[in-house]
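# Structure at a glance
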Amino acid sequence: MAVLPIRVAGDPVLRQKAKKVRKIDASIQKLIDDMIETMRDERGVGLAAPQIHEPLRLFIMDPGRSEGGEDGLKVVVNPELTFPDEERMELWEGCLSIPGIRGLTERRATVEVRCLDREGRPHACTLHGFPAAVAQHETDHLDGVLFLQRMPDVAALAFEDEFARFLAPAERGDDAGEAADA
Ligand code: NI
């Protein structure tokens, strides 16, 4: 396994629509292992293949906790997201491809994910709260969208230090206080 360099905003690979994974072969398995090592090295909660310059519809996520029993590492191939209701949530997001910055975004509170797992088996799950937001953030990466584009008000942007100093204390105990990059 290897820790791979993460591409940051400005790299065209982050603005393009990624292609479906056609076959989960040995090279894809290696890519997944490298992505897991890279995400853990960065202490991230998610990583999409375009972020390591592989324009494929594949991401991993490990949000650490959830309300729906979907804790732990997930490998998500060719995801399709649907939204069972209209509920929205706000949260402060960060991104490994936009280092040092947080922004207040609006996301759907519940998401149904249909995808393949790393063995190529169909998988379906429903995520709520923070894990749902991570799944939306990562799927956006597959469509060339960054979290900045999900901010209703671009003024709600903060550097890490200012976020910790001025914003996180007021949000503690709430999803809006999550401080992890994806
Ligand atoms: Ni990201």
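Structure: see above.
Our focus in this paragraph is the sheet that holds strand β2 (residues 58-61). Strand order in the open sheet made by the five strands is β1-β2-β3-β6-β7, with antiparallel pairing throughout. Either end of the sheet is taken by a strand with one partner, and the two such strands are β1 (46-48) and β7 (122-128). For this sheet the average axis-to-axis angle between neighbouring strands, irrespective of direction, equals 40°. Bridge count between β1 and β2: three bridges; the pairing is antiparallel. Bridge pairing links Ala48 to Phe59 in β2. Against the sheet, helix α1 (residues 26-41) engages β1, β2 and β3 (74-82), with an angle of about 40° to β2. Those strands touched by helix α2 (residues 130-142) are β1, β2, β3, β6 (110-116) and β7, and its axis lies near 155° from that of β2.

Its place among the elements puts Gln51 in the loop between β1 and β2. Within the local environment of Gln51, its side chain forms a polar contact with the side chain of Ser97, the two groups lying 3.0 Å apart. Beyond its immediate sequence surroundings of up to four residues, Gln51 is in contact with Pro5, Ile6, Arg7, Leu14, Cys95, Leu96, Ser97, Glu138, His141 and Ala182.

What follows deals with the sheet that holds strand β4 (residues 88-95). Strand order in the open sheet formed by three strands is β4-β5-β8, and the pairing between neighbours is antiparallel. With one partner strand each, in any of the chains shown, β4 and β8 (157-159) form the two edges of the open sheet. Across the sheet, the axes of successive neighbouring strands diverge by a mean angle of 25°, strand direction being ignored. For β4 and strand β5 (residues 98-108), the ladder comprises seven bridges, and the chain directions are antiparallel. Within β5, the position partnered with Glu90 by the bridge is Glu106. Of the strands in this sheet, β4 and β5 touch α2, which is tilted by about 60° from β4.

This part is about the packing of aromatic side chains. Counted according to the given criterion, the structure contains one aromatic pair. For Arg102, the ring lying beneath its charged end belongs to Phe163, and the centroid distance is 5.7 Å.

Quick notes on the rules
- Residues numbered from 1 in each chain as written.
- Predicted model: local features only at pLDDT ≥ 70, side-chain atom pairs only at ≥ 80, totals over all residues.
- Heavy atoms only, no water.
- Pairing = 2+ DSSP bridges.
- Helix = DSSP H or I, 4+ residues; strand = E, 2+ residues; numbered from the N terminus.
- Axes fitted to C-alpha atoms, helices over the stretch in contact; angles between N-to-C directions.
- Contact = heavy atoms within 4.5 Å.
- Polar contact = N/O pair within 3.5 Å; in protein donor to acceptor, adjacent residues only side chain to side chain.
- Phe/Tyr/Trp six-rings, centres within 6.5 Å; stacked < 30°, edge-to-face > 60°.
- Lys NZ or Arg CZ within 6 Å of the ring centre and 35° of its normal.

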